[in-house]
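Letter by letter, the chains look like this.
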Amino acid sequence: MIDRVKFLFDGGTGTYFAEKNHKIGLSPEHANLSNPSLIQEIHKEYLDAGCNAIKTNTFAVNRMLMGGDDEKVQEIIKAAWDNAHAAADSYKAAVFADIGPITNLPEEMVAAEEYCFVAQTFLDLGAKMFLFETNAGTEGLKEAAAYIKKRCPEAYIIMSFAVLPDGYTRDGAMAADLLEEIKGCKDVDAFGLNCVCGARHMLSLIQELDLEGVTFAAMPNAGYPIVINNRTFYDGDPEYYAEQLSKMVSYGVEILGGCCGTTPAHIACTKKALAGAPIEVHKMAEHKEEDSLGARLESPFWNKLKSGEKVVAVELDSPANTNLDKFMSGAWALKGAGADIITIADCPIARARMDSTLLACKIKREVNLDAMPHMTCRDRNLNATKALLLGSYAEGIRNVLLITGDPIPTAERDEVKSVYQFNSRKLAGFVKSLGKKTLPDEFHMFGALNVNAVNFDVQLRLAKEKMERGIIGFLTQPVLTKEAFDNVKRAREELGAYILGGVIPVVSARNARFMDSEINGINVSPEIIERYEGKDRAESEKLATEISVEIMKRISPYVDGYYLMTPFGRTGLIAEILKTFAQEEEA
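Cut-offs applied
- Residues numbered from 1 in each chain as written.
- Predicted model: local features only at pLDDT ≥ 70, side-chain atom pairs only at ≥ 80, totals over all residues.
- Heavy atoms only, no water.
- Helix = DSSP H or I, 4+ residues; strand = E, 2+ residues; numbered from the N terminus.
- Buried < 20%, exposed > 50% of the residue type's maximum accessible area, 1.4 Å probe, protein only.
- Lys, Arg positive; Asp, Glu negative; His and termini not counted.
- Charge placed at Lys NZ, Arg CZ, Asp CG, Glu CD.
- Contact = heavy atoms within 4.5 Å.
- Phe/Tyr/Trp six-rings, centres within 6.5 Å; stacked < 30°, edge-to-face > 60°.
- Pairing = 2+ DSSP bridges.
- Right-handed = clockwise from strand over helix to strand, strands pointing away.
- Axes fitted to C-alpha atoms, helices over the stretch in contact; angles between N-to-C directions.
- 1 Å grid on protein atoms, 1.4 Å probe; cavity = no way out; pocket = protein on both sides within 12 Å on 5 of 7 lines; lining within 4 Å.
- Points joined across faces, edges and corners; volume = space filled by probe spheres on them.
- Salt bridge = Lys/Arg side-chain N within 4 Å of Asp/Glu carboxyl O.
- Parallel < 35°, antiparallel > 145°, perpendicular 65-115°, else oblique.
- Left-handed = near helix turned anticlockwise from the far one by under 90°.
- Nonpolar A, V, L, I, M, F, W, Y, C, P; charged D, E, K, R; others polar.
- Core = buried A, V, L, I, M, F, W, Y, C linked by side-chain atoms within 4.5 Å.

**Student:** Can you walk me through the overall build of the protein in this structure?
**Tutor:** If you tally the helices and strands in the protein, you get 21 helices and 18 strands. Projected onto the principal axes, the alpha-carbon positions of the protein cover approximately 90 × 55 × 50 Å. Here the protein holds 587 residues, and 52% of them are scored as buried. For the protein, the centre of its 65 positive side-chain charges and the centre of its 83 negative side-chain charges are spaced 1 Å apart.

**Student:** Is there a simple way to think about the environment of His-201 in this case?
**Tutor:** Checked against the element boundaries, His-201 lands in helix α8 (residues 199-207). Taking the C-alpha atoms as reference points, His-201 and Lys-92, separated by 109 residues in sequence, lie 33 Å from one another. If sequence neighbours within four positions are ignored, His-201 has contacts with Pro-165 and Tyr-224.

**Student:** In this structure, what is going on with the packing of aromatic side chains? I would like to understand it.
**Tutor:** Within a pair of aromatic rings, the relevant descriptors are the distance that separates the centres and the angle that separates the planes. Applying the stated criterion to the full structure yields 17 aromatic pairs. Between Tyr-393 and Phe-443, the ring centres sit 5.6 Å apart and the planes meet at 85 degrees, which makes this aromatic pair edge-to-face. Of the two residues, Tyr-393 sits in helix α14 (residues 382-394) while Phe-443 sits in the loop between α15 (424-437) and β15 (444-449), which places them 50 residues apart along the sequence. The pair formed by Tyr-393 and Phe-443 is uniform in burial state, with each residue classed as buried.

**Student:** How do you make sense of the pairing of strand β17 (residues 498-503) when you look at a structure like this?
**Tutor:** Two faces make up the sheet, and in a regular strand the side chains alternate between them. Counting buried positions over the 6 residues of β17 gives 5, a clear majority of the element. Examined bridge by bridge, strand β16 (residues 473-478) and β17 share 4 bridges and lie parallel to one another. By the bridge assignment for β17, Phe-474 is matched with Ile-499. Read as a crossover between parallel neighbours, the route from β16 over helix α17 (residues 482-494) to β17 is right-handed.

**Student:** Would you take a moment to explain the sheet that holds strand β5 (residues 156-161) for this structure?
**Tutor:** Across a sheet, strands are paired by hydrogen bonds formed along the backbone, either parallel or antiparallel in direction. Taken in spatial order, the 8 strands line up as β1-β10-β7-β6-β5-β4-β3-β2 in an open sheet, and their pairing is parallel. Each of the sheet's edge strands pairs with one partner strand only, and the pair in question is β1 (7-8) and β2 (53-55). Strand direction decides the pairing type here: strand β7 (residues 216-221) and strand β10 (residues 253-256), joined by 3 bridges, are parallel. Considered in β10, the bridge of Ala-218 is made with Leu-256. Along the sheet, helix α6 (residues 141-151) makes contact with β4 (129-135) and β5, crossing β5 at roughly 170 degrees.

**Student:** Where do I start with empty space enclosed by the protein in this structure?
**Tutor:** Any empty space left between atoms is shown by rolling a water-sized probe over those atoms. Applying the stated criterion across every chain yields a total of 1 cavity of 30 Å³ or more. What the largest cavity holds in volume is close to 30 Å³. As for the largest cavity, its lining consists of Leu-480, Ile-504, Pro-505, Val-506, Ile-528, Tyr-532, Ala-544, Ile-547, Ser-548 and Ile-551. Sorting the residues of the lining of the largest cavity by element identifies α19 (526-532) and α20 (537-555) as the ones contributing at least two each. In terms of residues, the lining of the largest cavity owes the most to one element, α20, which gives 4 residues.

**Student:** Just to check I follow, could you spell out the pattern of salt bridges for this structure?
**Tutor:** According to the stated counting rule, one finds 34 salt bridges in the structure shown. Put simply, Glu-180 and Lys-183 hold a salt bridge, and the shortest N to O gap is 3.2 Å. Linking Glu-180 with Lys-183, this pair stays in helix α7 (residues 175-183), spanning 3 residues, or about one helical turn. Owing to a relative accessible area of 45%, Glu-180 belongs among the partly exposed residues under this scheme. Overall, the relative accessible area of 35% leaves Lys-183 in the partly exposed class. Between Asp-340 and Lys-304 there is a salt bridge, and its shortest N-O distance comes to 3.2 Å.

**Student:** Teacher, can you tell me more about the pairing of β5 here?
**Tutor:** The element β5 is largely enclosed, with a buried count of 6 among its 6 residues. Residues Tyr-156, Ile-158 and Ser-160 of β5 are buried on one face, and the alternating residues Ile-157, Met-159 and Phe-161, pointing to the opposite face, are buried as well. As paired elements, β4 and β5 share 5 bridges and run parallel to each other. Looking across to β5, one finds that Asn-135 is bridged to Phe-161. Taken together, β4, α6 and β5 form a β-α-β motif whose crossover is right-handed. For β5 and strand β6 (residues 190-198), the ladder comprises 4 bridges, and the chain directions are parallel. What sits directly across from Ser-160, in β6, is Gly-192.

**Student:** For this particular structure, what's the right way to read the sheet that holds strand β11 (residues 311-315)?
**Tutor:** With parallel pairing, the 8 strands of this closed barrel are ordered in space as β11-β12-β13-β14-β15-β16-β17-β18. When strand polarity is set aside, the average angle formed by the axes of neighbouring strands in this sheet is 25 degrees. In terms of strand pairing, β11 meets strand β12 (residues 341-344) through 3 bridges, oriented parallel. From the neighbouring strand, Glu-315 faces β12, where its bridge partner is Thr-343. Running over the sheet, helix α16 (residues 456-468) touches β15 and β16 and is turned about 170 degrees from β15.

**Student:** Would you mind showing me how to read the packing of helix α4 (residues 70-88) against helix α5 (residues 111-124) here?
**Tutor:** Helix-helix packing: each pair is described by the crossing angle between the helix axes and the interaxial distance. Two elements in contact, α4 and α5, have axes whose closest approach is 10 Å; the angle formed by their N-to-C orientations is 45 degrees. On the basis of their axis angle, the class for α4 and α5 is oblique. Our pair here, α4 against α5, has a crossing hand that is right-handed. In contact with Asp-70, Val-73, Gln-74, Ile-77 and Trp-81 of α4, α5 contributes Phe-117, Val-118, Thr-121 and Phe-122. In terms of residue class, the contact of α4 with α5 is made up of 6 nonpolar, 2 polar and 1 charged.

**Student:** Would you mind going over the side chain of Arg-63 with me for this structure?
**Tutor:** Mapped onto the elements of the fold, Arg-63 is located in the loop between β2 and α4. Relative accessible area serves as the criterion here: at 19%, Arg-63 is assigned to the buried category. Among residues more than four places away in sequence, those in contact with Arg-63 are Gly-68, Asp-70, Val-73, Glu-113, Glu-114 and Phe-117.

**Student:** Even after reading the chapter, I still don't get the nonpolar core, so can you show me in this structure?
**Tutor:** Side chains that are nonpolar tend, in soluble globular proteins, to be buried together. Counting 93 residues, the largest nonpolar core has Ile-363, Leu-402, Phe-443 and Leu-564 as its most contacted members. Sorting elements by how many residues they give to this core places α20 first, with 7 residues. For Leu-402, the residues in contact, after removing those within four places along its chain, are Met-375, Ser-424, Leu-427, Ala-428, Val-431, Met-445, Phe-446, Gly-447, Ala-448 and Ile-471. Counting 76 residues, the second largest nonpolar core, distinct from the first, contains Ala-111, Cys-152, Cys-185 and Met-202.

**Student:** I'm lost on the environment of Gly-236 in this one. Help?
**Tutor:** Here Gly-236 shows up in the loop between β9 (231-233) and α9 (238-249). Placed 38 residues apart in sequence, Gly-236 and Gly-198 show a C-alpha to C-alpha distance of 8.5 Å.

Bear in mind that shape data such as this cannot, by itself, settle questions of function.
Now the structure itself:
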C-alpha cells in the first residue's frame, strides 16, 4: 500500500514545537529566526520517522498577522525555507511552501493579493510545491493558484480545508461542495482535508466523498485537544491514528500526513502501517434517503407566494421578559387580520429578547400560522446555528430570514462579546447545504434589503451574492422616502427575486424624527414628519393608517407582498391598516 501514497507528510510542527520549546511567548514561526537549530531538529525528527515531504514552518506568516510588515514576512519565510532545506536535502525529501488561511481582512485588503504576496516570496526562493492548508472557504485561493501556475507551470499545488466532523467548515461550506469547486480548477493538483477532525471522523468524511479522478490529501489531528493549566495537549494514540490513515488509502487517498498534535511517533506508526496493510479498494458510501413524519409539512405562506398571490408578513417583537400574553394575543389578532406569516426579530439592536426561533415554533404549533424567525450571525457559532435549524425544522418552520445582525454597542463590548463566525451570505450557503444533505428538503431563505442605503448599488451587489448562495426573496427596509421607492423599483428590475416591501407605521412626529435620526436603515421624508406635527395619538394613528395604505398601494406593482413592522406592539394599528388596504383594493 505504501506505493500508492504519493507523499507522506510530517505532522503538527506548531504543536510539536510547543511541546519541545520551553520559552513562553515564542511562536514557532518566529523561532525560524531566533532558534533555527530547534526548527531543523523538528524537521529531522519527522524525516527520521519516515515522511518524504515536509512543510515549511510558515503557517501563520502573512502580512495580516505580521502587522503589514512586508520585510518581516519575507525574512521569516526565507529563514523557514532555509531551515526546511537544511533538514530535508540529505533525505531527498520534498519541501512544500506552507501557506495558512488569511482571514478577517479589512475592506481595503484583498485575500487574493495577500496570498499572491506570500506565494511570490516563496517563488523567489525557488519553491515549486505549495500547500494551502486549514481553509474554511475558497476566497482568494483559486486566484493564488492561477498566479503560481502562470509563473511556474510545473508547480504542484494542494488545497486543503478544515472540515468539522459533520462535514462543514467554520464558514459553513460543505466538504462535498468544496471538492466539486476545486475539481473545476485546473490550477489545483490535489484537494485535501486537514485539522479540526480526528482520524476516525476524517475517515468517515472521506467515505462520503466521491474521490474519482481526484488526488486527495488527508492530514487529521491526533484526536481532540484537552486543556491543562492553560496549555493545550493532544493524546491520540499513534497506532490507532496510523490504522485509520491506512484505511483512508483504500478509499483513494494518495497523500497522508498529520496536523495538530501529531508527533514523529504518529508518522512512524503510519509508515509502518502502510507497509503492512493489505490492498483493498472501497467505493464511497451509499445511503438511502430517510423521511420523517414532519419532513413534508406545507407552508401556506410559501405556497401563496410562489402561486403569485400577494402575501402579508408582519414583524412582531418578542418580549424582553417572560410574559408572553401580549405577544401571543398579538399573533392571534394578526392572523385574524389577514397576516400570512409572523416574522420575529433576533435580539434587535443587540439587546437580549426572548429567542425568535423558539417563539416561531410556538406560533406555528399553537396559532397554526407560519412564522419566520430572523436568524443573525451574531452571538451564534456554526454548531449552535445547525442545532437551532434542525430543531426549528422538526417544529414545522420552513421560512427563515438570514441577516448578519446588529453589532454590540461600543460601550458594552467589554461586557458582552460579539460572535461573528460568518456573515449572512455564508450563513445562506450553510443553510442551503443543510437542505441538500441533512434535511428532507430546503428552508425558504430570505434576506434583508436596505432600500434606504446611500449606495444602493452595493446593496444590489450583495443581494445578488446572497441569491447565488440560495436566498430566494428579500424583505426591505421601510419605504418612507422617494429614494426608497425608486430603489424598490430597481430591485424589482434587477434582482429577479421575491420582494416584500417594507412598511412601518409612523405613530407621531417624535417617533418619525427618532427613526430618521437613530435607527440604522430607516429614513423618513420631511414631508411625512410635517404631516404629524400637532397630532394627538388618535389623529396620528388615523394618519399612520392613511400613509401606510398609500405606500402599500404605491409599491404594489413592484412587490410580491408587504412586510409590515409593528410599532410598540400596536397590533390593532396593523390590523386596521390591513383592513383598510383590503377594502380599498376591493373598491
